[in-house]
Amino acid sequence: PDPARRYREFLARLRLCNALYGLMRSDVVRRTGKLGDFPGSDIVFLGELSLYGTFVEVPEYLFRRRFDKESEVHNATAENWQEFFEPSLKGKVSMRTWRHQMEYFVANSQAPISIVDKARIAGIIARNCISVRGNLVRELVAAVRQRAAAAAPRKRD
């Protein structure tokens, strides 16, 4: 029942977003930010749902997920996913980790939980930022390099 514990468990346990294929209360889904239009929005959506209540797993197999070598999931890059969601961003640096952290903070601020729980979860998200700091730095450096390259005067032939 503790939202902070649910959120911590979400961050610790999430690998594939299989829970997205389960049943959800429509009244809760309507109150969320819903599934976004950015790479990994399914992860953020499940994190947000964890702030609204518990998940229940049925102890029998009702879902089979197939992966094969030709699957888009195995062959996709961050850039491919970004282009899929927003074609106008083709060739731009993907700042997926930054976007996720920002969306986690937004979801937390809008969740129907106490201010104390919001503060606890903000701390969990901040610690998560520390744990993914390598990705955050890489994305920032790539974005700065891309901006610098775009701003540099071009040599004439």
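Residues numbered from 1 in each chain as written. Predicted model: local features only at pLDDT ≥ 70, side-chain atom pairs only at ≥ 80, totals over all residues. Heavy atoms only, no water.

1. A look at a nonpolar patch on the surface
Line of reasoning, step 1. Residues Trp98, Leu140 and Val144 make up a contiguous nonpolar surface patch of about 280 Å² in total accessible area.
Line of reasoning, step 2. Mapped onto the elements, Val144 comes out in helix H8 (residues 133-151).
Line of reasoning, step 3. For Val144, a relative accessible area of 52% gives the class exposed. (Patch = residues over 30% accessible without salt bridge, like charges linked within 9 Å, V, L, I, M, F, W, Y side chains within 5 Å. Areas by Shrake-Rupley, 256 points an atom, 1.4 Å probe, with all protein chains shown as cover. Salt bridge = Lys/Arg side-chain N within 4 Å of Asp/Glu carboxyl O. Helix = DSSP H or I, 4+ residues; strand = E, 2+ residues; numbered from the N terminus. Buried < 20%, exposed > 50% of the residue type's maximum accessible area, 1.4 Å probe, protein only.)

2. Some words on the pattern of salt bridges
Line of reasoning, step 1. Tallying each qualifying case throughout the model produces four salt bridges.
Line of reasoning, step 2. Taking the shortest distance from any N to any O, the salt bridge between Asp2 and Arg120 comes out at 2.9 Å. Taken as a pair, Asp2 in the segment before helix H1 (3-13) and Arg120 in helix H7 (residues 115-131) lie far apart in primary sequence, 118 residues in all.
Line of reasoning, step 3. The class for Asp2 is partly exposed, based on a relative accessible area of 25%.

3. Here we look at the packing of H1 against helix H3 (residues 41-50)
Line of reasoning, step 1. For the pair H1 and H3, the least separation of the axes is 8 Å and the interaxial angle reads 155°. What the angle tells us is that H1 and H3 run roughly antiparallel. Seen from above, H1 lies across H3 with right-handed handedness. Where H1 approaches H3, its residues Arg6, Tyr7 and Phe10 are matched on the opposing element by Ile43, Leu46, Gly47 and Ser50. (Axes fitted to C-alpha atoms, helices over the stretch in contact; angles between N-to-C directions. Parallel < 35°, antiparallel > 145°, perpendicular 65-115°, else oblique. Left-handed = near helix turned anticlockwise from the far one by under 90°. Contact = heavy atoms within 4.5 Å.)

4. Concerning the nonpolar core
Here is a general trend for soluble globular proteins: nonpolar side chains tend to be buried in one another's company.
Line of reasoning, step 1. Judged by nonpolar contacts, the single largest core of 21 residues is most densely connected at Tyr7, Phe10, Leu46, Leu51, Tyr104 and Ile121.
Line of reasoning, step 2. When contributions to this core are tallied by element, the ones reaching two or more residues are H1, H3, helix H6 (96-110) and H7.
Line of reasoning, step 3. Not counting residues within four places of it along the chain, the set of residues in contact with Tyr104 comprises Tyr7, Phe10, Leu11, Ile43, Val44, Ile125 and Asn128. (Core = buried A, V, L, I, M, F, W, Y, C linked by side-chain atoms within 4.5 Å.)

5. A short note on the environment of Tyr52
Line of reasoning, step 1. Here Tyr52 is to be found in the loop between H3 and helix H4 (72-75).
Line of reasoning, step 2. Expressed as a C-alpha distance, the spacing of Tyr52 and Pro3, which sit 49 residues apart in the sequence, is 7.7 Å.
Line of reasoning, step 3. Every residue in contact with Tyr52, bar those within four places of it in the chain, is listed here: Arg6, Val28, Arg31, Thr32, Gln110, Ala111 and Pro112.
Line of reasoning, step 4. Here Arg31 takes part through its backbone oxygen, which lies 3.2 Å from a polar atom of the side chain of Tyr52. (Polar contact = N/O pair within 3.5 Å; in protein donor to acceptor, adjacent residues only side chain to side chain.)

6. Here's the deal with the packing of aromatic side chains
Line of reasoning, step 1. Taken as a whole, this structure holds three aromatic pairs when the rule is applied.
Line of reasoning, step 2. On the basis of an interplanar angle of 85° and a centroid distance of 6.0 Å, the ring pair of Tyr7 and Tyr104 is categorised as edge-to-face. Note that Tyr7 is positioned in helix H1 and Tyr104 in helix H6, a separation of 97 residues in sequence. The two residues Tyr7 and Tyr104 agree in class, both being buried.
Line of reasoning, step 3. With centroids separated by 6.1 Å and ring planes inclined at 85°, the aromatic side chains of Phe10 and Tyr104 adopt a geometry described as edge-to-face. Taken together, the positions of Phe10 in helix H1 and Tyr104 in helix H6 put the pair 94 residues apart, joining distant regions of the chain.
Line of reasoning, step 4. Of the residues examined, Phe10 reaches a relative accessible area of 10% and is grouped as buried.
Line of reasoning, step 5. An aromatic cluster of three or more residues is present, and its members are Tyr7, Phe10 and Tyr104. (Phe/Tyr/Trp six-rings, centres within 6.5 Å; stacked < 30°, edge-to-face > 60°.)

Function cannot be inferred from these measures alone, as they are strictly geometric.
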